[in-house]
Amino acid sequence: MTKKKSRKIIAVVLAILAAAAIVLGAMNLPQRTGDKGNAIIDALRIRTLLNATGDGVVESYVAIAKKEATAKVKAEGGGMSAIREAVKKAEEETRAQYSNSTTDYSKLDTTALAAAVTDYAALLESYDAIALKAENAYIEENMAAAQAAAKAEREKKIAAGEEVGEETEVSVDMSGFVATAEMTAAKEKADAQYAAVGEALKGIYPVLDDSALATLKDTIEKIVYTRGDDFTVKYDRYMAAGSGEALDDKMSGFMVRYADDLIYAGVGLIVAALVFLFSELLIAKLGIPRVIIGVFFILLCFMCLLYDLSLPTLLSNTLVRMGMNSIMVLAMVPGIQCGISLNLGLPIGLVCGLIGGLMTIELNIPGALGFMFAIIVGGALAAGAGWLYAQLLNRLKGEEMGVTTYVGFSIVSLMCIAWLVLPFRSLKLRWPLGTGLRNTIGLDSSNFAHILDDFWAFKIGSFEVPTGLLLFMLACCGLVWLFSRSKTGVAMQAVGNNPRFAEATGIDVDKMRIIGTVLSTVLGAVGILVYSQSYGFMQLYTAPRQMGFIAASAILIGGASTSRCKISHVLVGTFLFQGVLTLGMPVANVLVPGSTISETLRILISNGIILYALTKSGGGSRG
Amino acid sequence: MAAEYILEMKNITKKYGENTVLSDVSLKIRPGEIHALLGENGAGKSTLMNVLFGMPVIHATGGFGGEVLLDGQKTMIASPHDAMTRGIGMVHQEFMLLPGFSITENIKLNREITRPNVVSRVLGKSLETLDMHAMSHDARSALDSVGMSIDEYTRVHGLPVGYMQFVEIAREIDKTGVKLLVFDEPTAVLTESEATQLISVMKDIASKGIAIIFITHRLDEVMAAANAITILRDGKLAAVRQIEETSLVDLAELMIGRKGEGVVSVASRPAPHGKVAMRVKDLVVDMPGEEVKGVSFDVFEGEILGIGGLAGQGKIGIPNGVMSLYPNEGTIELFGETLKLGNAGDALRSGIAMVSEDRKGVGLLLDQSIEDNIVFNAMQIKGEYLMKFGPFTNKNDAAIRAVALRMIKELDIRCFGPTQHAGTLSGGNQQKVCIARALAMNPKFLFVSEPTRGIDIGAKRLVLETLVKLNRERGMTIVMVSSELQELRSISDRIAIVSEGKLVDILDPNASDADFGLAMSGIKPGEHKQKGEN
């Protein structure tokens, strides 16, 4: 009772905090483009400008002092060393004098300068808009040629047997770009305004001469306007330059700058309050593992927002990765249902799928037809291999976990030899010297790269939806679901659930286990093809080794146990697993910046989840 | 002066939670006496022995009431090891022997005779050399005392079961200072001649002053071996008898006893005696722990046949054998047609349904919903509750839900709804789901095996009433196997008693307790009476 009460109180406190944060954020967010925001930016801009020119001014004084010192020593008839000494001394003195004397900005009259700068910023912006348009037009004009060149280059590389990566985005060489007349005119206008700014600056620092202004031009231009400016970018730039003191009300500046983060934090607090309030219900409904990982995932989402990482892009990536991994996770379902537990021998299916894919490239079957061919060939091979594998499993009942793991590792090692001796001839597949297949085989538009991802794909902002991939995933899930409701499917689940029960009903336990294992292996073959088409590579040799574990972990996280699973476990598990992986790495990179930690982290996160999932292999409570 | 009794257990009371398994039981054993401990399964024999040996299960569940006196001294036996050092030995029902070791090594295990050597002088006693000669000498004399001429160096692996039993006994005898030996069903695995030999060995041992507690259900052996008998019934002391003052019939009657009123009362009727529904001939079933060694009987159409007997005697093997759940032999005719053996599916297809005694192991899909459990057999065997699309099939949710709801109502299954998982139900309700699954098959013939095991009294009554209702209203022929004789007597038309894998006799439910007691210990009541008359 009191526990419930205190929980309610905490939730209410969190909600109040959240409401406060959201209201503050919502009030301040529109100010960015309003008067307050402009005032903040203007104040910061002028201060940054003055600081920057102030440095120029010091340099001017130093130059003058040096000149005077030289003249003086010369007049006294001193030698070179004396001159050098005198110059050095004069420089030091001057620097000390001006650098230490902090300018009292409040006494400066910046009205003229502010007006000039505002106009200058507007002119620069309009110039940039014109320039951008012109550049885009140029790129569009030359794109086709550039793409053709890139393709030719790629094919040349393949023919020469070099390693080729995924097709990268082609960039147009801008060296041939010539400024248009419109640009020149706009530029001239802006330059003219710079003269006005220069005059205003001279009014403040009389010592500035034209040559000093000319050297300062680039600096000032960058301060005033940079391509892609908006409130936050400018604010950060000026703050980084140490102009924060210019603000009379630092708090309000901060509020406006971080208004969006305030809203995010508010929403986050609401989510936290809800999770906290309904924690018992959530845990009962979803089980602790899903609540923990779900909360971790939401936390990562908010961290992405706070660190200004593009959440829509990352979520879109999550969706793609969920789609590409889901079929392999789905392959766990028939395995669990028929009682062989987690099919860690999934690599059997994977290598069959890979062979199907290799055949497609070897025979040069393009596009969707090639993908279908790969699935059929891979599926047929997997069915055969799965049958043999099932015979093994039926003879080693009760030891499935160990056997499947061992078989999974063994087949990968065996295939490492096979990849070297299989008689494929295509240059896209083979090493140019000696025998054997390449390590990674890049798929391109002439094969089935992104064939599902790009099917009916559309974009909402930067959130890209891989429609075809998702549809394929749902179709496969639907088929497995339908199968699990058929007479055979029901019998198979009974075998997995309680073999003695099934036997007592006259069900052929071994046969059902064979059906389940074959299905699982075939789904593995389809799964790796879906994965490859999305990834853009087919990876041979040791690459499939970990995939069984990843798939197993995903379904465990989704709530399955080693003896019980549903389709929803596949979808939830894959989403959470891939979501945490996709969002975790960029966030970790921001938290530990400038390191090459990402690969280590990838391994840590993915293996961490696997380990956690396996500790939960008992599954959640019966629901 | 030595006490009159070597062991006295006074007013022992033991509760497991709310459940009283022993109440106010006393046991007194004189030196050199063979004292038989009798009782049905669950009468409290094992618990009493657990108390005597100080088994951890006793201490872990809150100890026991009453006191234990050894040689007249009040004693607290803390552990089985403690019991051993105080001279109490146990000859186990399951042999605790190392197959790869020789008989000598087994007898002397952990009590080896050793000689110091160079290494042991430096590194301690555990590295001393085994004195095989002395050990084999001891083993020899122990073997001789149990009348075994076998070479003491023979490995235990591959010995006949009877020999292992004697090795086990020899090991206990070899322990110095042993005062009391407990024989737990020692003759269960022995042949008749071996059993006779064992009894003479026991008498031999007893004549040396070692007291023996002899746990068995074979009344004739008790009569042959014991000096005194303590009989337990339902956790209470039923009687203590000296051998002179009792008889086989007396013991049988004391062991069974009337246990109050029947759980359900059914109007009596003349037992159906018309058409034969099932004819079982020479049924042999290889079910571990419940072997059936050739039984033949007829079941009449419309009757309820009870099958009773003590645990491990094979009564459970009969339904499991008929359903071909275990390797079986023999012929079974169902309504005149011969049943194909070897596949449970064939038995089910021919119209027999079975409610298994092993609810959790065989009877239910614990991780699946009640409704899926109920329709499973009908779906798999008869193809019902399915929608068909050419070669493809899909569960017919509406039909499944309808039948599940009907069963839940009829059988009063207490649940949140038909989608609740079977594993989360209470034992009684799980049993009802099992019955519902059998009924969903619309069987002509129903086997129910231990339908009331582990369920509360209310559920028990409902299950039994349901069976009677099915029998009376639908004319379903039912064979019920149960360890609870009272239950069998209350609803059966006839009761078959099984002992040691063989059918002893088929009795009327109103036959006397003595008859049932005799039958359960493998003696056909009619024959015994004849013998008595002769």
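Fair warning: this is a prediction, and the values are worked out from it, not measured in the lab.

A separate point is the overall build of chain A. Counting its secondary structure elements, chain A contains 23 helices and four strands. For chain A, the spread of C-alpha atoms along the three principal axes comes to 115 × 75 × 50 Å. Sequence separation of at least 24 residues holds for 79% of the intrachain contacts in chain A that already meet a minimum separation of 6.

Moving on, we come to the overall build of chain B. Scanning chain B from N- to C-terminus turns up 20 helices and 24 strands. With the C-alpha coordinates of chain B rotated into their principal frame, the extents come out at 85 × 60 × 45 Å. Split into buried and exposed, the 534 residues of chain B put 46% on the buried side. Relative to all contacts within chain B whose residues are 6 or more apart in sequence, the contacts with residues 24 or more apart total 68%.

Moving on, we get to the confidence of the model for chain B. Residues of chain B with pLDDT of at least 70 account for 97%, and the chain-wide mean is 84. Interface confidence for the predicted complex, given as ipTM, is 0.71, next to a pTM of 0.72.

Domain annotation of chain B identifies domain 1 (1–86 + 179–184 + 210–257), domain 2 (94–177) and domain 3 (276–365 + 443–533). Placing a centre on the C-alpha atoms of domain 2 of chain B and another on those of domain 3 of chain B gives a separation of 45 Å.

Each assigned domain of chain A is listed with its residue range as follows: domain 1 (111–250) and domain 2 (311–615). For domain 1 of chain A versus domain 2 of chain A, the separation of C-alpha centres amounts to 47 Å.

Positive phi, close to 60°, is recorded for A:Asn364, a residue that is not glycine. Mapped onto the secondary structure, A:Asn364 falls in the loop between helix H14 (347–363) and helix H15 (367–395). Given 11 C-beta atoms within a 10 Å radius, A:Asn364 is considered exposed. The phi torsion at B:Asp282 lies on the positive side, around 50°, for a residue other than glycine.

The next subject is the packing of helix H11 (residues 288–306) of chain A against helix H22 (residues 567–591) of chain A. All names here are of chain A. In the contact formed by H11 and H22, the axes pass within 9 Å of each other and the chain directions differ by 35°. The two elements H11 and H22 meet at a crossing, and its hand is left-handed. In contact with Arg290, Ile293, Gly294, Phe296, Phe297, Leu300, Cys301, Met303 and Cys304 of H11, H22 contributes Val572, Leu576, Gly579, Val580, Leu583, Gly584, Pro586 and Val587. Class assignment for the residues of the contact of H11 with H22 results in 13 nonpolar, three polar and one charged.

Next up on the list: the sheet that holds strand E13 (residues 276–285) of chain B. Residues and elements named next belong to chain B. Across the sheet, which stays open at both edges, the four strands sit in the order E14-E13-E16-E17 with antiparallel pairing between neighbours. Only two strands of the sheet have a single neighbouring strand rather than two, namely strand E14 (292–300) and strand E17 (337–338). Inspection of the sheet shows E13 paired to strand E16 (residues 328–334) by six bridges, in the antiparallel sense. Across the sheet, residue valine 280 finds its bridge partner in E16, namely isoleucine 332.

Now for the environment of A:Tyr238. All names here are of chain A. In this fold, tyrosine 238 is placed in helix H7 (residues 231–240). Residue tyrosine 238 is classed as buried on the basis of its C-beta count, with 25 C-beta atoms lying within 10 Å. Expressed as a C-alpha distance, the spacing of tyrosine 238 and threonine 505, which sit 267 residues apart in the sequence, is 78 Å.

A few words on the packing of helix H12 (residues 311–330) of chain A against H22(A). When two helices pack together, their arrangement is given by the angle between their axes and by how far apart the axes lie. All names here are of chain A. In the contact formed by H12 and H22, the axes pass within 8 Å of each other and the chain directions differ by 135°. Comparing their axes, H22 and H12 come out oblique. The handedness of the crossing between H12 and H22 comes out as right-handed. In contact with Leu314, Asn317, Thr318, Arg321, Met322, Asn325, Ser326, Val329 and Leu330 of H12, H22 contributes Val570, Gly573, Thr574, Phe575, Gln578, Gly579, Thr582, Leu583 and Pro586.

What follows is about the interface of chain A and chain B. Tallying the contact residues gives 19 residues for chain A and 27 residues for chain B. Top element by residues in the side of chain A that touches chain B is helix H18 (residues 487–497) of chain A. It accounts for five residues. For the side of chain A that touches chain B, a count of residues per class yields seven nonpolar, six polar and six charged.

Further remarks concern the nonpolar core. Grouped together as the largest cluster of nonpolar side chains are 267 residues, with contacts concentrated most on A:Met332, A:Ala551, A:Ile555, B:Met202, B:Ile212 and B:Phe214. Of the residues forming this core, the biggest block, 15 residues, is contributed by helix H20 (residues 509–535) of chain A. Excluding residues that lie within four positions of it along the chain, A:Met332 makes contacts with A:Leu342, A:Asn343, A:Ala551, A:Ala552, A:Ile555 and A:Cys565.

So, on to the sheet that holds strand E5 (residues 73–75) of chain B. All names here are of chain B. Taken in spatial order, the four strands of this open sheet run E2-E1-E4-E5, and their pairing is antiparallel. Each edge of the open sheet carries a strand with a single partner, namely strand E2 (19–29) and E5. The mean angle between the axes of side-by-side strands here comes to 30°, regardless of whether they run parallel or antiparallel. Alignment of strand E4 (residues 65–70) against E5, held across three bridges, turns out to be antiparallel. Within the sheet, the bridge partner assigned to valine 68 lies in E5 and is threonine 75.

The next thing to look at is H20(A). Along an α-helix, a turn takes 3.6 residues, which lines up residues three or four apart on a common side. Residues and elements named next belong to chain A. With 27 residues, H20 extends 38 Å between its outermost C-alpha atoms, agreeing within 8% with the 39 Å of an ideal straight helix rising 1.5 Å per residue. H20 sits mainly inside the fold: 25 of its 27 residues count as buried. Phi turns positive one or two residues past the end of H20, at glycine 536, with a value near 95°.

So, on to the pairing of strand E12 (residues 236–242) of chain B. In this structure, strand E11 (residues 228–233) of chain B lies alongside E12(B), joined through six bridges in antiparallel fashion. Paired with B:Leu232 across the bridge in E12(B) is B:Leu237.

Moving on, we get to the pairing of E13(B). Where a strand is regular, its side chains alternate between the two sheet faces. Residues and elements named next belong to chain B. Alignment of E13 against E14, held across seven bridges, turns out to be antiparallel. In the strand pairing of E14, methionine 278 is matched with valine 299. Linking two consecutive strands that pair antiparallel, namely E13 and E14, is a turn of six residues; a positive phi of about 85° is found at glycine 289 within it.

Turning to the environment of B:Ala3, a few remarks are in order. All names here are of chain B. Topologically, alanine 3 is positioned in the segment before strand E1 (7–16). Counting along the chain gives 148 residues from alanine 3 to aspartate 151, while the straight-line C-alpha distance between them is 39 Å. Residues in contact with alanine 3, not counting those within four places in the same chain, are Asp71 and Gly72.

How each quantity is defined
Residues numbered from 1 in each chain as written. Chains lettered and ligands numbered in written order. Predicted model: local features only at pLDDT ≥ 70, side-chain atom pairs only at ≥ 80, totals over all residues. Helix = DSSP H or I, 4+ residues; strand = E, 2+ residues; numbered from the N terminus. Contact = placed C-beta atoms within 7 Å. Buried ≥ 20, exposed ≤ 12 C-beta atoms within 10 Å, placed from the backbone. pLDDT = per-residue confidence, 0-100. Domains from an automatic or database assignment. Axes fitted to C-alpha atoms, helices over the stretch in contact; angles between N-to-C directions. Left-handed = near helix turned anticlockwise from the far one by under 90°. Nonpolar A, V, L, I, M, F, W, Y, C, P; charged D, E, K, R; others polar. Pairing = 2+ DSSP bridges. Parallel < 35°, antiparallel > 145°, perpendicular 65-115°, else oblique. Core = buried A, V, L, I, M, F, W, Y, C linked by C-beta atoms within 7 Å. Expected span 1.5 Å × (residues − 1).

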